[in-house]
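What follows is the residue order along each chain.
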Amino acid sequence: MDLRIFTEPQQGATYDTLLKVAKATEDLGFDAFFRSDHYLKMGDVDGLPGPTDAWITLAGLARETDRIRLGTLMTAATFRLPGVLAIQVAQVDQMSGGRVELGLGAGWFAEEHAAYGIPFPKEKFGRLEEQLEIVTGLWATDAGKTFDFEGEHYRLKDSPGLPKPAQAKIPVLIGGHGASRTPRLAARYADEFNMPFSSVEDTERQFGRVRAAAQEAGRAADAITYSNALVVCVGKDDQEVARRAAAIGREVDELKRNGLAGTPAEVVEKIGRYAETGSTRFYLQVLDLHDLDHLELISAQVQSQLP
């Protein structure tokens with residue numbers, strides 16, 4: 001069972017803050033540090049000092065960590081051209097010694113596109129599908145050969161498909177709630193399928209769709225890793241849970257319904273319920289990035305109890 005720390009820096013975080021969290025992630029034995037890829041705050045926060053770019057952040061962390069995996073949930077396909085994205089991710093993978101994973105999604109937050117002058121096309125899913133084919137195709141192109149692509153949204157001609165990642169294959173993560181197109185896309189491209197912020201029941205239903213799509217595509221369903229992303233709020237007792245919930249502007253009861261919240265025993269029990277659906281990896285959405293004691297508690301009293 002992997003526990004990964006997942007951050008939302010658009011809500012307000014400097015690179016130095018993210019570095020402290022990443023180093024704590026590594027020191028405390030968590031599997032990976034992931035971050036969102038957004039340029040605008042959400043909800044009632046000031047977002048100061050402003051956004052940080054996901055892949056620039058991960059490039060810095062690649063040189064300042066040694067063990068943990070590094071990646072995005074999810075890079076927005078609207079933010080980058082696929083050829084440029086393939087170069088960026090491959091370079092960060094080289095910089096990390098082969099520890100990078102790419103979560104790639106269609107993009108959805110219209111306001112951040114307007115705020116920073118990023119085109120927000122009406123048809124996003126088709127672009128995502130082409131991006132996945134291009135990025136993985138460029139990485140898989142043998143040295144000395146070229147890659148061509150002719151699609152509705154992107155065209156590449158005589159690309160050398162360079163640079164190559166350090167890993168033989170960078171893991172690709174796909175996620176979402178879509179009932180048909182998303183599972184088919186995951187069956188074709190995903191090394192991991194992530195179910196974000198969903199109940200046990202919805203998780204089980206969507207994992208079943210992905211497994212069925214994989215089998216229909218001639219792929220073993222268990223060739224894909226299945227994971228969940230959930231907000232985390234753990235306290236040694238009810239008072240500490242309430243304090244941490246208040247610090248992130250949430251209600252305890254709501255967090256317990258929709259996330260991994262409560263005492264360590266409560267959180268371990270709920271992780272077990274998700275594990276019964278086939279989930280083997282959890283992205284713990286940490287919203288208070290200054291509360292490193294929270295990570296210490298999760299490491300000592302939650303992670304230590306998991307298989």
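Heads up: the structure comes first, above all this text.
In this report, we go over the structure that sits alongside the text. (Residues numbered from 1 in each chain as written. Predicted model: local features only at pLDDT ≥ 70, side-chain atom pairs only at ≥ 80, totals over all residues. Heavy atoms only, no water.)

1. Quick notes on empty space enclosed by the protein
Here is step 1: Applying the stated criterion across every chain, the model contains one cavity of 30 Å³ or more.
Here is step 2: Considering the residues around the largest cavity, the lining is formed by Val232, Cys233, Arg244, Ile248, Val286, Leu287, Asp288, Asp291 and His294.
Here is step 3: Residues of the lining of the largest cavity, tallied by class, amount to five nonpolar, one polar and three charged. (1 Å grid on protein atoms, 1.4 Å probe; cavity = no way out; pocket = protein on both sides within 12 Å on 5 of 7 lines; lining within 4 Å. Points joined across faces, edges and corners; volume = space filled by probe spheres on them. Nonpolar A, V, L, I, M, F, W, Y, C, P; charged D, E, K, R; others polar.)

2. Considerations on the pairing of strand β10 (residues 225-234)
Here is step 1: Most of β10 is tucked away, with nine of its 10 residues classed as buried.
Here is step 2: Strand direction decides the pairing type here: strand β9 (residues 192-196) and β10, joined by five bridges, are parallel. When the sheet's bridge partners are listed, Met195 is paired in β10 with Asn228.
Here is step 3: Each parallel crossover has a hand, and the one from β9 via helix α7 (residues 200-216) to β10 is right-handed.
Here is step 4: Pairing geometry for β10 and strand β12 (residues 281-286), over five bridges, is parallel. Bridge pairing in β12 places Ala229 opposite Tyr283.
Here is step 5: Inspection of the sheet shows β10 paired to strand β11 (residues 260-262) by three bridges, in the parallel sense. (Buried < 20%, exposed > 50% of the residue type's maximum accessible area, 1.4 Å probe, protein only. Helix = DSSP H or I, 4+ residues; strand = E, 2+ residues; numbered from the N terminus. Pairing = 2+ DSSP bridges. Right-handed = clockwise from strand over helix to strand, strands pointing away.)

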